[in-house]
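Here are the chains, one letter per residue:
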Amino acid sequence: MQRLPIRCLAGFAAAGLLAALAGCGTTPASSYVSPGDRTVAAASGRTLPAKKLMRLTEVHAQTGMTLLEGPTFDETGRLVVVDVTAPAGEPKVIRVDVRRKTSEGLHTDGTGAYTSAQFGPHDGRLYLTDFATGRIVSLAPDGGDPRTFFSGEVDGAPMNPDDLAFDPEGNLYVSDSRGYRQGKAQGRVVRIDHMTKEATVLADGMAATNGISFDENYRGLWVSELTENRISYFLLDGKGAVASRHTAVRVDGGVAQTDSIAVDADGNLYQALHGRPAMAVYDRNGERLATVEVPAADARGLESATNVAIAPGGRKAYMTVSGPAGGYVYTFEALAEGIRQSNGG
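Read on for an overview of the structure. Quantities reported herein were computed from a predicted structural model and do not represent experimental measurements.

About the criteria used
Residues numbered from 1 in each chain as written. Predicted model: local features only at pLDDT ≥ 70, side-chain atom pairs only at ≥ 80, totals over all residues. Heavy atoms only, no water. Helix = DSSP H or I, 4+ residues; strand = E, 2+ residues; numbered from the N terminus. Buried < 20%, exposed > 50% of the residue type's maximum accessible area, 1.4 Å probe, protein only. Polar contact = N/O pair within 3.5 Å; in protein donor to acceptor, adjacent residues only side chain to side chain. Pairing = 2+ DSSP bridges. Salt bridge = Lys/Arg side-chain N within 4 Å of Asp/Glu carboxyl O.

Attention now goes to the side chain of Thr306. By the element assignment, Thr306 lies in strand β25 (residues 304-310). Its relative accessible area of 0% is what places Thr306 among the buried residues. A distance of 2.7 Å separates a polar side-chain atom of Thr306 from the backbone oxygen of Leu68.

Take a look at the structure:
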């Protein structure tokens, strides 16, 4: 998620505008892909042009912003996105028919500042991270039946959940984007068991943890830190714990910072950028393959590309882009097909 300071969200609440917002190793050599095996190596330095699909939102008078996030496809092929700064009464979850270029409000409430969306593989419900209150909320696919799946402190500290990813069993892996406290990085990666709802801290001391996605084989997690422009790789031990952790990619973002992450069927990473309406694309070995760019004629008034969903089984990608000009969905041709790891988060 584009970094909205807690004080900014708290300021909305104080003004009555948003009522309740207040490693030890490396990847084994067996997983290494040689340069000759890279199916998209020829794409190095390539620009992937993004085309405007539609405008979804305008800047909200009450909050002074609009910020689209968390694109994810439902079972019918419709795209679901969240508007982080939508005030009470306006759609906070929006469903988009990408073929007809139409949209409808799916859910609103008086408290949520939702930053990501994912459908649970175990129950088909839509899970939302509430950055302001620390909750994980779930909805029925039609937007009804809201339930609080998780709330409260984790290891004695409140969460600011940003993005999430599900493993095949339905357990949640959450980027807890707590930023800095007294000069010390407080961000975490938290695992929540979908049966017991027990929360476990997998990593801490991170700088504004943001994007999180499994690799294409569910062997590890890619995790970005917004204020360090760094992507780390967490090799998992098969039991939900971290076997090793290392810095995998240092993003040369200039004025931009690392936001959400998606992964395609070839294991390529799509790293969204806060501060620029673009995405950086890397292969699993850290080589920069391409940059997704909004046309220069459209870029005025667009500040960030926050996230992307690649249509499952296809290569059409849908990127959420926002700024003073409003909230938009742009499309581009991904380097490989979409899978679950490229569908929201």
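So, next bit.
With that settled, consider the pairing of strand β11 (residues 161-166). Of all 6 residues that make up β11, 6 are buried, and the element is covered over most of its length. Where β11 folds back on strand β12 (residues 172-176), the antiparallel hairpin that results is connected by 5 residues, among which Gly170 adopts a positive phi of roughly 100 degrees.

Right, let's get into the pattern of salt bridges. Counted under the stated rule, the structure contains 13 salt bridges. Linking Arg276 and Glu293 is a salt bridge whose minimum nitrogen-to-oxygen distance equals 2.3 Å. Residue Arg276 is located in the loop between β22 (269-274) and β23 (278-282), and its partner Glu293 is located in strand β24 (residues 288-293); the two are separated by 17 residues in the primary sequence. Here the salt bridges do not stand alone but share partners, grouping Asp74, Arg78, Arg95 and Glu104 into one network.

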